[in-house]
Amino acid sequence: MSALALPVVRGRQVWAWARIAFCAVMLALVLAPLLWTVFLSFRTNIDLLRQAPLDLRGPYTLDNYAELLRNQTLFRWFFNSLVVSTVTVAGVLTLSSLAGYAFGRLEFPGRNWLYLIVLAGLAIPDQSVILTRHQIFSDLHWHNTYRALILPGLSAPLGVFLMTEAFRAIPRAQDDAARLDRANAIATFWHVLLPQTVPALASLGIYTFLLSWNDYWWPLISATRPSMYTLTEGMAAAQSNYVEVLGKGVLMAEAVVAGLPVLIVYILFQKHIVNAVTGMVKL
């Protein structure tokens, strides 16, 4: 190696170590609140109410998690979030795939204009239509029902856009081959094209689940009965009186339990999440 090349190699090594150090610092900043929440969930409420710094050596307890097992309200909130998120994912995947197939593969009058209208929904903040949505559901007497919590989430312009691009990426020759086999539009969609969009469907499903599970704004407005609270709304309501009723340790244990489904989804579908984010950046 020449003398001129040594500074270049060393500079690259320094830059690589600098990037690693930067990523490590960012990772520590992200993980610190999460690890601190887990740590607090294993401490007694008496220790958490003290002004003295907490000792990392203990003592630790499982009483906070035992209290959660006796709290039927939390299980109700967890069930509500699970139902809303699961049904929302199923609805978004169904509607987005059908709309994406229509916009990406079929020819019909006004297709381009209608597609532009759908894409315009990406530029409309959810808060701008919240009053109208609230009035509609109020007139229908649908508040405090699963319908009110699920239906707004089925409007997914981003899902339609992603599925349209996924269907457009499939070669047109496959449609011609399906017609030669006397397959109609529905059979072509279900048996030929849809299986090839599984990566896009998986990415969209994961994104929709995380968005629905963490949603707080609309459930806060629509669900006014504690029996219809989702986890995010229920935990926010519990924070106002956690010292008198539950205790800080129980609240931290609730936060850990509420985050477990998201963590499990991320671990199981990490590859699809990365692909989804990468695909959005490319688009």
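Keep in mind that what you see is a predicted model, and the values were worked out from it rather than measured.

Asker: Could you clarify how one ought to interpret the overall build of the protein in this entry?
Answerer: Across its full length, the protein carries 16 helices and zero strands. Looking at the protein as a whole, 33% of its 283 residues are labelled buried. Sequence separation of 24 or more characterises 70% of the internal contacts of the protein that already satisfy a separation of 6 or more. If you sum the accessible surface of the protein, you get close to 17,600 Å²; carbon and sulfur atoms cover 69% of it.

Asker: How do you make sense of unusual backbone geometry when you look at a structure like this?
Answerer: Unusually for a residue other than glycine, histidine 141 sits at a positive phi of about 60°. Locating histidine 141 in the fold gives a position in the loop between helix H6 (130-139) and helix H7 (146-150). Among the residues examined, histidine 141 registers a relative accessible area of 70% and is labelled exposed. Positioned with a positive phi, asparagine 144 is a non-glycine residue whose angle comes to about 65°. Following the sequence through the fold, asparagine 144 ends up in the loop between H6 and H7. Under the relative-accessibility criterion, asparagine 144 is labelled buried at 14%.

Asker: Help me understand the pattern of salt bridges in this model?
Answerer: Oppositely charged side chains can pair when the atoms bearing their charge come close. Here the structure, examined in full by the defined rule, presents five salt bridges. Between arginine 111 and glutamate 107 there is a salt bridge, and its shortest N-O distance comes to 3.5 Å. Measuring nitrogen to oxygen at the nearest pair gives 2.6 Å for the salt bridge that ties aspartate 126 to arginine 133. Judged by relative accessible area, which is 34%, aspartate 126 ranks as partly exposed.

Asker: Mind showing me how you'd approach the UniProt feature "transmembrane region" (unreviewed entry) in the protein here?
Answerer: In this numbering, the UniProt entry assigns the feature "transmembrane region" (unreviewed entry) to residues 20-42, 77-101, 113-136, 148-167, 188-210 and 250-269. Across residues 20-42 one finds 96% helix and 0% strand; the C-alpha atoms that close the span lie 32 Å apart. The span residues 148-167 shows a helical share of 70% and a strand share of 0%, and its end C-alpha atoms are spaced 31 Å apart.

Asker: Where do I start with the nonpolar core in this structure?
Answerer: The nonpolar side chains of soluble globular proteins are, as a tendency, buried together. Leu68 and Leu231 are the most contacted members of the largest nonpolar core, which totals 21 residues. For leucine 68, the residues in contact, after removing those within four places along its chain, are Leu74, Phe75, Val250, Ala253, Glu254 and Val257. If you look at the next biggest cluster of nonpolar residues, it comprises 16 residues, including Val92, Ala156, Met163 and Leu193.

Asker: Can you help me understand the packing of helix H11 (residues 198-213) against helix H15 (residues 248-268) in this one?
Answerer: Packed helices, taken two at a time, are described by the angle between their axes plus the distance between the axes. At a closest axis distance of 11 Å, the pairing of H11 and H15 adopts a crossing angle of 170°. With respect to each other, H11 and H15 are oriented roughly antiparallel. Judged by residue contacts, Ile206, Phe209, Leu210 and Trp213 of H11 engage Ala258, Pro261, Val262 and Val265 from H15. Considering only residue class, the contact of H11 with H15 consists of eight nonpolar, no polar and no charged.

Asker: Can you help me understand the confidence of the model for the protein in this one?
Answerer: Per-residue pLDDT for the protein averages 83, and the proportion of residues at 70 or more is 88%. The lowest-confidence element of the protein is helix H14 (residues 242-246), averaging 53 in pLDDT; the highest-confidence one is H7, averaging 94.

Asker: What am I meant to see in a nonpolar patch on the surface here?
Answerer: Taken together, Leu260, Leu263, Ile264, Tyr266, Ile267, Leu268 and Phe269 make up a surface patch of nonpolar side chains, about 680 Å² in accessible area. As for its placement among the helices and strands, tyrosine 266 is situated in helix H15. For tyrosine 266, a relative accessible area of 37% corresponds to the partly exposed category.

Parameters at a glance
Note that residues are indexed from 1 along each chain, following the sequence as it is written. It should be noted that, the model being predicted, local features are given only for residues of pLDDT at least 70 and side-chain atom pairs only at 80 or more, the latter also being counted only at that level, while totals for whole chains, interfaces and linings use all residues. Values reported for side chains reflect all heavy atoms of the structure, with hydrogen atoms and water molecules removed beforehand. Under the DSSP-based scheme used, a helix requires at least four consecutive residues in state H or I and a strand at least two consecutive residues in state E, with every element numbered from the N terminus. Here's how the labels work: a residue is buried when its accessible area is under 20% of the maximum for its type, exposed when over 50%, partly exposed in between, all with a 1.4 Å probe on protein chains only. In what follows, a contact means two residues having at least one pair of non-hydrogen atoms within 4.5 Å. The accessible surface values rely on the Shrake-Rupley method and a 1.4 Å probe; as for residues, cover is taken only from the protein chains in view. What makes a salt bridge here is a side-chain nitrogen of Lys or Arg within 4 Å of a carboxyl oxygen of Asp or Glu, nothing more. UniProt positions are given in the numbering used here, feature names are shortened, and annotations may be inferred rather than shown by experiment. Here the nonpolar core consists of buried residues drawn from Ala, Val, Leu, Ile, Met, Phe, Trp, Tyr and Cys, with membership extended through side-chain atoms lying within 4.5 Å. Between N-to-C directions, angles span 0 to 180 degrees; the directions come from axes that are lines fitted to C-alpha atoms, helices contributing only their stretch in contact. Angles below 35 degrees are treated as roughly parallel, those above 145 as roughly antiparallel, those between 65 and 115 as roughly perpendicular, and all remaining angles as oblique. Under this grouping Gly is polar, as are all residues other than the nonpolar Ala, Val, Leu, Ile, Met, Phe, Trp, Tyr, Cys and Pro and the charged Asp, Glu, Lys and Arg. A residue's pLDDT is simply how confident the predictor is in it, with values from 0 to 100. The patch calculation keeps residues exceeding 30% relative accessible area without a salt bridge and links them within 9 Å when they carry like charges or within 5 Å when they are nonpolar (Val, Leu, Ile, Met, Phe, Trp, Tyr).

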